[in-house]
Each structure stands twice: as structure tokens, then as C-alpha cells.
Protein chains: 2
Amino acid sequence: MSRDFSFTLRATDGPARLGRFSTPHGEVDTPAFMPVGTQGSVKAALHRDLEAIGATIILGNTYHLFLRPGDALIARRGGLHRFIGWNRPILTDSGGYQVFSLSDRRRIREEGAEFQSHLDGSRHMLSPERATDIQANLGSDVAMVLDECLAYPATHEAAADSMRRSVRWAGRCRQRLEELRSRPVEGVTVTNPGQAQFGIVQGGVYPDLRLESADATVEVGFEGYAIGGLSVGEPSDVMYEVAGATAARLPDAQPRYLMGTGTPEDLVECVARGVDMFDCVMPTRHARNGQLFTSQGRLNIRNARHAEDDGPLDPACRCYTCARHSRAYLRHLYMSGEVAALALNTLHNLTFYLDTMGRIRDAIAFRTFESFRREFLRSVSSLAVES
Amino acid sequence: MSRDFSFTLRATDGPARLGRFSTPHGEVDTPAFMPVGTQGSVKAALHRDLEAIGATIILGNTYHLFLRPGDALIARRGGLHRFIGWNRPILTDSGGYQVFSLSDRRRIREEGAEFQSHLDGSRHMLSPERATDIQANLGSDVAMVLDECLAYPATHEAAADSMRRSVRWAGRCRQRLEELRSRPVEGVTVTNPGQAQFGIVQGGVYPDLRLESADATVEVGFEGYAIGGLSVGEPSDVMYEVAGATAARLPDAQPRYLMGTGTPEDLVECVARGVDMFDCVMPTRHARNGQLFTSQGRLNIRNARHAEDDGPLDPACRCYTCARHSRAYLRHLYMSGEVAALALNTLHNLTFYLDTMGRIRDAIAFRTFESFRREFLRSVSSLAVES
């Protein structure tokens, strides 16, 4: 186990957990939402704005950084934190999810995943060892194991085979990390010796496979555990059920991270089932498409009804966008294709997500999570979504 | 004359002038550079960043705002300042320059300019009265008269005809403004009663025409005077000579604005010839193309030599971009098409321009402008431009 990573469970309210984890780049209060900084930049946001609105940790995508500018170049810069000028914690994924998304440009074998770059068609092999090495070069505070992400729906047999391969890969990732921790390895620069590594539970929507995967992954032993392979097309209630059952099987003393989820409602519902960490492109991607989250539901800023609206996006919001600009102006910027529309919308949506996490943490601390949850779901999701 | 607009000449150093003008939205120290906020947004910059780096006045383009979202909508919002949430001074152009740039989509008559929208092909007439009305709806602090911008080169005869038409148009603009100041006019909302109006001197590169235009425009009488029709393709030395000769013919007690110029060297050279105000898309447009201004000359961030450079764009620069990020990261963001590249580059280039204006003002105040000018031209423009 890394001596530089620790997790403290500070309070619980039913299955909901208030916690804090420590990394070489600082602490993160959980439940936490991690904005996605795909290529070393959270799209349309500047680091100082992320800090100001309370982003304590961001996510970087190994696949993208590996291809451009390359993990070796980043290692020569001293690691991802120094390269991008972000001094708070960073979690990197393994690159697996993007590689599996390439569908006809990749081939999976026991050894690893062969794939062709979406940028230039060049061929690469992403093995568990390579995914571990790349993340060592990047020097994130939390690295993820390479796992196989199955499309939904999958048969029980396919899900079982895939999950068991993921468990074998998890073991190889952990072994490689321990090698890197114990001795210098040619071609790898461990830019963050205190890096932690999380295992990932797979198993599709099959309870027996999820439990088998959780037990086997915990058996390998990691600083934290993720729940992968959800938010891939299954209904919300199935996702909630699987996430909840899986979370309940994981060790209390370590953080639980639900990958790639979700809507604000999803975050609340999964915190209610014992999840501690989330990431999702939804707030940033929706912002760039004009879809904005408010305390009164979602709106689309392109809608003509905003053209002469002098009010803010959300009177309950503390962000710069809401403090300074009207819906009328934001609609004009969006319709005119101004870069400022992307920046202002992103700032707002991320503030909504991060403030929601803050309210969740407060509610757990005060043991009022259930009433917060009911009120939140009533106000946010009962209203029609404007598309 | 507007009682809400005044100009004070505070010091001179040769023809270079240190001044300050007052508007209903605050004061502007001159020589001043105005970032261009074409559609009510300085491209890729947020208002708070413009304020933080010392932008005391921005420019809005009447042509663009008239077409989208429309000056009537902006008037219903209370004027451009309230619509865009910018509380410092704004200058608007007349729309003439953009209309004349439409070339085959416009026709000029004595009445005004007929043109077709670049957005939807709709037909419109921009007359001197209409240009004045639109700007009254917008409520900028400084409105510009409608003038005819001639392409370079033009014969003496064409330049003379065009210039004399501009003088007649200037008279009509002034008459319309006085009408608006004295009584309500159907369909026009004077959203900023303290709005000033500047005349524009034309006459191509012909000294006799420039002097005739200056005299005739001053005869009409405006709160300030602009020099138009330069930076349209003529050599720099011709531009400097015409700007200098024209500036010298204008009243000492009023501000002089050279429209659409230019490089940092142009600003210094034209301040040296008595110009007080500038605007140009160069810092913002170049930023979006990766062309960055530094105290050591220009660079292009795409260049491979920056790929592993951990240093800032410009060690002499105080901007957020230089304080936080390396050339290596900025190149990565640019090559990866990240929105943050546009924002960070824009912040840097505008800081360079605004800091240059601050240094110019200091040099005039200390009567060291000539040595500043020599040193500036030596350090900035003697180095090769990296394209």
C-alpha cells in the first residue's frame, strides 16, 4: 500500500458516506465529483476557475495523453501536474475505456489490447503493464488498473469471461506497480512515488459476477476500488441496483469510485448507495452544447424563450456566469458562436455539480441526507428537461 | 457637445500626448488601446479578465450587433452595457467598415449604403441617420459617424469624392444626434444620453485631402476625431506619415483615434505622432492563430521548438498564462484544439498590448518617450517574426 494515500471515513448516514482521502498533492473530501480533463485541460475551463469553484481533483485520460503529447514527454516535464500546472490531486484512467470504444480499430487478447490511434492510425499495444507504466510516467495521484469494458447488453457467459480477464489484468497491474515501487525500470520514470492504484469491479448487470469480481479484486489488494462497466446504456434503476450491491461488498475503509457517471440525480442516488467518487463529461459536454443545469431543472440556452430574459441562469447559483450575465446575453453568445459561451456555460455547469457535491457532504455530516435527497430529486428532476 | 464627455490633456512629450477622457461609464487614460468585442464579447476573453489586465474601454461592432441580436433588442435590455454586463466605457463603430467589406453585397449611394446580411442575405440600408440611431439604441459611450472607407490604392479623384461624401455624412450624423438629444424620436431609445460622437477624417494617402477633411470635419464639430481609411494595405511609413500629418491638424483639446491599427510597433510610432486611441483585432485574432507577442519578439506556439520548453511565453510578462503555464503546455493545448488555448493565448496577447500602452503612458509622463520608443522598437521588432 502507498504510504502517501489514505482514506478516512468521517461519518455515515445510512449507506451514504462522508470521507476524506489524502494524496501527495493534497486532500479530497468525499463524496467528490472529478471534472474530466481529457487532454490535460478540463474543456473550456482554466485551472484557476476550477480551483475557485472547488474542484479538488480532476481526471486525466491516459489514452489521449499517451498519444499526444506522449507520456514520455510528460515524464520529462516532471509529470502531469507540473506539465499542466495543476497542483491538486489528479486521477488517471487506464486508457482502456477509450481503446475499447475504438471498436473496429482494436483487438483484445489475454496479453492486452492492440489498437490504432484515432489521430494518425499508428498501432500500439496497451497491456496491463504498459497502462501501469504510462500512468507512472504521468504521475497521477490515483492510477487505475486496465480492465475490459463490455458493451451493454452482454450475456452472462461473456460478462463472466470478460470480468475474469479483468481480474487477471488487475493482478498484473498491481504486480507491475509493486515492481515500479521497488526498483528502477528501464523506460519508466516514476514521477509521483506516492501514486495510489485502484482496482475496478466488472461483471455487467449480473449480481453474482459483481460479487465475484469485488471479492477477487479486493483479494489482489488496492488503495481503493472502482465500479466500472456501468452507465453504458443500462436503465438507471439497474445501474443504481448494481452500484449499490457492489459498493456494499467493498471494504468500508477504502474509497469507492463509480466510473463515468452521471446526471446530478445519478450522483445523489449512488451516494445514497455508498459511492464516494464520480467523474463524468456530462457537465462540461452539455455546457458546450448549451444544456445547462439549474436548481429548477435543465434548460437549453438556444431556446428562443431566453432571448429577452434579463435574469440569470439560476438565481440560486453563486457562479461568475450567474452573478454577472443574463440568459439573454448567454443565448446571444451561444447563437453567435462566441468562445465565451463555452467558458461561461462550463463554469456554470461545473459549479452546479461541485455545489451539489458540497450539499451532499453537508447533508451526510448533519445526518439529513435522506431529506436532502428527496428534496433534490423533487426540485431537479421532476421538471421537464428542455432539449 | 455632450456634457458627460470631456478630455484633459495632462502632459506632452514632443507630439506624444498623455490624456484622460471621461464618459458616463468612467474614465480612460490615453494613449489607450481598445480590445475589439465584435459581437458584444472580446473573443475568447471574459469581462473580469479584461478588467483585471487593465482594459478600460472596449469596442463593439455596430454591423454585427445590428444583425444579431439586433439593436432594438439591446435597447429593450437597457443598452449594450447592461446587455453584456460590462460597466466600463464602450466605443461603437458605425457599421460602415463591415458594410464596405461586403464588396459585392453592398451598393453605396448619397443616401447611404444598401447591403445584404452575411448571415441570412436580408437587405438593409445603413444611412448616416440609421447608423446614429442604431448606436443610440446600443448606448455606447462613444459613437462613430458613418463614413465611406475606400480601398487602397485609390486615385486622387476617387479619394476626394469619397472624402467629401464622408464629410456630408458626418454632418448628417451630427444633425441626427442633436435631434436625438433634443427630443424623443419614434423607434429610437437613447439608452445612454451622455453618448459622445466622433467624426472621422478620410482622404486616402493624399495630404491635401486629409487636411481638407480634417478642417471640414472639425467644422461640423464633434467630441473627438478619428483617422479612418488607414491600415488598409498602404506601407507602414505612408501610414505613419498620413496619421502624423492628420493628427497635427486636429484640435489639441480633443482625443484622436486611429482606427483599426495595429502592430505594437504601429502603436508606438503613432503615439509618437500624436495619436491617443487605437483598436485592432490583431492581439485577439493572432492569439487564436497561435501567434503570440513577447518582449523578445513574436513567436508561433505551434513551432516544434516549444514542445519541451518549460519556460513561460515571456518571462517579462505578468499575465496569468505566463505566471502559470509553460510553452510546452501551451503548445500541447494548441495542437490538441483545446478551448483553453484560445483563452490563455488571448489573455497573454491582450496583456502585452495593454501593458505596452501603460509603458507608453509612463514614458510620456516622465518625458522619456523617445528613449522608450527606441528601446521598444529595438527589442520587439528587430527580432525575426516566427510564422
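Residues numbered from 1 in each chain as written. Chains lettered and ligands numbered in written order. Predicted model: local features only at pLDDT ≥ 70, side-chain atom pairs only at ≥ 80, totals over all residues. Heavy atoms only, no water.

Moving on to the sheet that holds strand β6 (residues 58–60) of chain A. Residues and elements named next belong to chain A. Across the sheet, which stays open at both edges, the 9 strands sit in the order β4-β15-β14-β13-β12-β11-β7-β6-β5 with parallel pairing between neighbours. One side of each edge strand has no neighbouring strand; the edge strands of this open sheet are β4 (32–34) and β5 (36–37). Pairing of β5 with β6 involves 2 bridges; the strand directions are parallel. Note that in β6 the partner of Val36 across the bridge is Leu59. Sitting on the sheet, helix α14 (residues 339–365) is in contact with β4 and β15 (277–279), with an inclination near 160° to β4. (Pairing = 2+ DSSP bridges. Helix = DSSP H or I, 4+ residues; strand = E, 2+ residues; numbered from the N terminus. Contact = heavy atoms within 4.5 Å. Axes fitted to C-alpha atoms, helices over the stretch in contact; angles between N-to-C directions.)

All names here are of chain A. Considering the arrangement of structural elements, one finds Leu177 in helix α7 (residues 156–182). Judged by its relative accessible area of 5%, Leu177 falls in the buried class. Residues Leu177 and Asp309, spaced 132 residues apart in sequence, show a C-alpha to C-alpha distance of 55 Å. With sequence-adjacent residues up to four places away left out, Leu177 is seen in contact with Thr132, Gln195 and Gln197. (Buried < 20%, exposed > 50% of the residue type's maximum accessible area, 1.4 Å probe, protein only.)

Another point: the side chain of His332(A). Topologically, His332(A) is positioned in helix α13 (residues 327–335). For His332(A), a relative accessible area of 5% puts it in the buried group. Those residues in contact with His332(A), other than ones at most four positions away along the chain, are Gln39(B), Leu65(B), Arg68(B), Pro69(B) and Phe83(B).

Between chain B and chain A, the superposition needs a rotation of 180° and an axial shift of 0.0 Å, giving an RMSD of 0.0 Å. Seen this way, the second copy is the image of the first under a two-fold rotation axis. Distance from the rotation axis, computed per C-alpha, reaches its smallest value in chain B at Val339(B): 3.8 Å. When the interface residues of chain B are mapped onto chain A, 100% of them again lie at the interface, so the same face is used by both copies. (Least-squares fit on C-alpha atoms with pLDDT ≥ 70 in both.)

Attention now moves to the interface of chain B and chain A. Where interface size is quoted, it is often the accessible area lost as the parts come together. Chain B puts 41 residues into the contact, and the matching count from chain A is 41 residues. Between chain B and chain A, a total of about 3,500 Å² is buried, with carbon and sulfur atoms accounting for 48% of that surface. Ranking the residues of chain B by area buried against chain A places Arg48(B), Arg324(B) and His332(B) at the top, with a combined share of 17%. Inspection of the region where chain B meets chain A yields 12 salt bridges. Here Arg48(B) ties to Asp49(A) by a salt bridge, and the two come within 2.5 Å at their closest N and O atoms. Linking chain B with chain A are 30 residue pairs in polar contact (both at pLDDT 80 or more). (Buried area = accessible area lost by both parts, 1.4 Å probe. Salt bridge = Lys/Arg side-chain N within 4 Å of Asp/Glu carboxyl O. Polar contact = N/O pair within 3.5 Å; in protein donor to acceptor, adjacent residues only side chain to side chain.)

What follows covers the pairing of strand β12 (residues 196–201) of chain A. Residue and element names in this part refer to chain A. With 6 of 6 residues buried, β12 lies mostly within the body of the structure. Of the two faces of β12, the one holding Ala196, Phe198 and Ile200 and the one holding Gln197, Gly199 and Val201 are both buried throughout. The pairing of strand β11 (residues 142–144) with β12 spans 3 bridges and is classified as parallel. When the bridges of β12 are listed, Val142 appears paired with Ala196.

It is worth spelling out the pattern of salt bridges at this point. Any two side chains of opposite charge can pair, so long as their charged atoms come close to each other. Taken as a whole and assessed by the stated rule, the structure comprises 66 salt bridges over all chains. In this structure, Glu110(A) engages Arg165(A) in a salt bridge whose closest nitrogen and oxygen atoms are separated by 3.2 Å. Of this pair, Glu110(A) sits in the loop between β8 (106–108) and β9 (113–116) while Arg165(A) sits in helix α7, and the two are 55 residues apart along the sequence. Arg249(B) is paired through a salt bridge with Asp215(B); the nearest N and O atoms lie 2.7 Å apart. Taken together, the residues span a long stretch of sequence, with Arg249(B) in helix α9 (residues 236–249) and Asp215(B) in helix α8 (residues 207–220) at a distance of 34 residues. By relative accessible area, which is 39% here, Arg249(B) ends up partly exposed. Accessibility expressed as a relative area gives 36% for Asp215(B), which makes it partly exposed. What emerges from the salt-bridge pattern is a single network uniting Arg10(A), Arg20(A), Glu27(A) and Asp29(A).

A few words on the confidence of the model for chain A. Here chain A averages 96 in pLDDT, and 98% of its residues register 70 or above. Here the complex is predicted with pTM 0.98, and the ipTM for its interfaces comes to 0.98. (pLDDT = per-residue confidence, 0-100.)

Residues and elements named next belong to chain A. One way to put it is that helix α9 (residues 236–249) packs onto helix α10 (residues 264–271) with a least axis distance of 10 Å and a crossing angle of 30°. Crossing of α9 against α10: the hand is right-handed. In this structure, α9 contributes Ser236, Met239, Tyr240 and Ala243 to the contact, and α10 contributes Glu265, Asp266, Glu269 and Cys270. (Left-handed = near helix turned anticlockwise from the far one by under 90°.)

How two aromatic rings sit relative to each other is set out by the distance from centre to centre and by the angle between their planes. Residue and element names in this part refer to chain A. Enumeration over the complete set of coordinates arrives at 22 aromatic pairs over all chains. Look at Phe33 and Tyr353: their rings are 4.8 Å apart centre to centre, the planes differ by 55°, and that puts the pair in the tilted class. Of this pair, Phe33 sits in strand β4 while Tyr353 sits in helix α14; the two residues are 320 residues apart in sequence, bridging distant segments of the chain. Seen from their ring centres, Tyr63 and Phe115 are 5.6 Å apart, and the 55° between their planes marks the pair as tilted. You can see Tyr63 sitting in helix α2 (residues 62–67) and its partner Phe115 sitting in strand β9, a full 52 residues away along the chain. (Phe/Tyr/Trp six-rings, centres within 6.5 Å; stacked < 30°, edge-to-face > 60°.)

What follows covers unusual backbone geometry. If a residue is not glycine, its phi is most likely negative; likewise, a peptide bond is most likely trans. All names here are of chain A. Of note, the amide linkage connecting Arg68 to Pro69 takes the cis form, showing an omega dihedral of 10°. Secondary-structure assignment places Pro69 in the loop between α2 and α3 (71–76). A positive phi angle, near 40°, is found at Ser103, a position not held by glycine. You can see Ser103 is positioned in the loop between α5 (96–101) and β8.

In this section: the sheet that holds strand β4 (residues 32–34) of chain B. Residue and element names in this part refer to chain B. A sheet is described by the order of its strands in space; here 9 strands give the open sequence β4-β15-β14-β13-β12-β11-β7-β6-β5, paired in parallel fashion. What marks the edges here is a single partner per strand, and that holds for β4 and β5 (36–37). Pairing analysis gives 3 bridges linking strand β6 (residues 58–60) to strand β7 (residues 90–92), with the strands arranged parallel. Paired with Ile58 across the strands is Ile90, a residue of β7. Sheet strands touched by α8: β12 (196–201) and β13 (224–227). Its angle to β12, the strand with the most contacts, is close to 155°.

What follows is about helix α6 (residues 128–138) of chain A. Extensive coverage of α6(A) is indicated by the burial of 9 of its 11 residues. Taken together, the buried positions of α6(A) are occupied by Pro128(A), Ala131(A), Thr132(A), Asp133(A), Ile134(A), Gln135(A), Ala136(A), Asn137(A) and Leu138(A).

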